[in-house]
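This is what each chain is made of:
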Amino acid sequence: MKIGVPKEMKSNENRVAMTPPAGVMSLTQAGHEVKIEKGAGVESGIADDLYVKAGATIAEQAEDAWAQELVVKVKEPQPSEFAFFRKDLILFTYLHLAAAGKVADALLEQQTTGIAYETIQAPNGGLPLLTPMSEIAGRMSVQAGVRFLEKTYGGKGVLVSGVPGVSPADVVIIGGGIVGTNAAKMAIGLGANVTLLDINIERLRQLEDLFPGKIRTLASNTFNIAQQTEKADILIGAVLIPGAKAPKLVTEDMLNQWSWICYCRCCGRSGRIDRNH
Ligand SMILES: NC(=O)C1=CN([C@@H]2O[C@H](COP(=O)(O)OP(=O)(O)OC[C@H]3O[C@@H](n4cnc5c(N)ncnc54)[C@H](O)[C@@H]3O)[C@@H](O)[C@H]2O)C=CC1
Ligand SMILES: CC(=O)C(=O)O
């Protein structure tokens, strides 16, 4: 098969869809041809010559990468890329179509086959291509929140762990799946007061067993969300409703003026919050 990897066009997207050893080498050894757009890996620290050594050829223009039978990307195509859609193209990437209606319309119009990473299901119902990114997003959300609580970054100057005689920060997580669990792991490790809300009571039971005595769990409903967001220093939205847009759970008037909020801007699906920070 002829496989193309274009450079990502979405703002602040520094990833590339394929690495030289794990991607290009395995595919070329299996008889496929891989064409990488010039400079596609640079923001991830991968120079073109590493791709060439692994067996890829370099496409000078985006259109050469897009002209292949299968195009492998990271994020959903941007409007400037819709012109590359065509009937005999297979596009494999995160699509998040529930939050990206224009992409869905453009794919339908050109009858392009789109396979969304986030919808691929393992026999046990898991989402193997979303899980690693959820692990990263959950862990990074706390790291970013901690940074933005510092005065230098406009925060109120809270040390997340507290010190003897001073309380730790309150970290509130809405959604206890992969993102929420990884955020909880980080926040607990830093010594924060962690509260996690989910609509799935069985999941809350599992989390209490996983982090005994280190986490408070609450049923996710408007009352509890309002009460917890009001006191949160860091608020993390980590909700997923498979195949649908996440519901808007936190409204502007629920927030205190100092909360640092982690909201998934790339796909807009982490349990929507009125304000983006
Ligand atoms: N920014 C990024 O790069 C990434 C963002 N995400 C986003 O993060 C979100 C969470 O992803 P995962 O943890 O992998 O999903 P998951 O399916 O593992 O967990 C979602 C959790 O949300 C819970 N939930 C559903 N409705 C709820 C409600 N009303 N209140 C509280 N909890 C509710 C579910 O019971 C489930 O436990 C998704 O929206 C996903 O698209 C995921 C990966 C990377
Ligand atoms: C999951 C996703 O959309 C991302 O990693 O960007």
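Residues numbered from 1 in each chain as written. Chains lettered and ligands numbered in written order. Predicted model: local features only at pLDDT ≥ 70, side-chain atom pairs only at ≥ 80, totals over all residues. Heavy atoms only, no water.

Asks: Summarise the nonpolar core; cite the residues concerned and give the values.
Replies: Formed by 21 residues in total, the largest nonpolar core has its most connected members in V171, I173, A184, V194, L196, I215 and I236. At the level of secondary structure, the elements contributing two or more residues to this core comprise β7 (170–174), α6 (178–189), β8 (193–198), α7 (201–210) and β10 (234–237). Counting residues per element, this core draws most heavily on α6, which supplies 5 residues. Residues within four places of V194 in sequence aside, it is in contact with V171, I173, A184, A187, I188, K214, I215 and R216. Core analysis: the next-biggest nonpolar cluster, separate from the first, contains 18 residues, M18, I36, A56 and L127 among them. (Core = buried A, V, L, I, M, F, W, Y, C linked by side-chain atoms within 4.5 Å. Buried < 20%, exposed > 50% of the residue type's maximum accessible area, 1.4 Å probe, protein only. Helix = DSSP H or I, 4+ residues; strand = E, 2+ residues; numbered from the N terminus. Contact = heavy atoms within 4.5 Å.)

Asks: With reference to specific residues and values, describe the side chain of T181.
Replies: With respect to the helices, strands and loops of the structure, T181 is situated in helix α6. Since its relative accessible area comes to 8%, T181 is described here as buried. One polar contact links the side chain of T181 to the main-chain carbonyl oxygen of G177, over a distance of 2.5 Å. Residues within four places of T181 in sequence aside, it is in contact with G176, R203, L207, L210 and F211. (Polar contact = N/O pair within 3.5 Å; in protein donor to acceptor, adjacent residues only side chain to side chain.)

Asks: Outline the domain arrangement of the protein, listing residues and values.
Replies: Per the domain assignment, the segments making up the protein are domain 1 (2–118) and domain 2 (131–273). Taking only C-alpha atoms, the centre of domain 1 and the centre of domain 2 are 33 Å apart. Each side of the interface is counted separately: domain 1 has 9 residues, and domain 2 has 7 residues. Of the roughly 630 Å² buried at the junction of domain 1 and domain 2 (both faces included), carbon and sulfur atoms supply 59%. When residues of domain 1 are sorted by the area they lose upon contact with domain 2, H96, A98 and A99 head the list and together hold 56% of the total. On the surface where domain 1 and domain 2 come into contact, there are 0 residue pairs in polar contact (both at pLDDT 80 or more). Counted by class, the side of domain 1 that touches domain 2 contains 3 nonpolar, 1 polar and 5 charged residues. (Domains from an automatic or database assignment. Buried area = accessible area lost by both parts, 1.4 Å probe. Nonpolar A, V, L, I, M, F, W, Y, C, P; charged D, E, K, R; others polar.)

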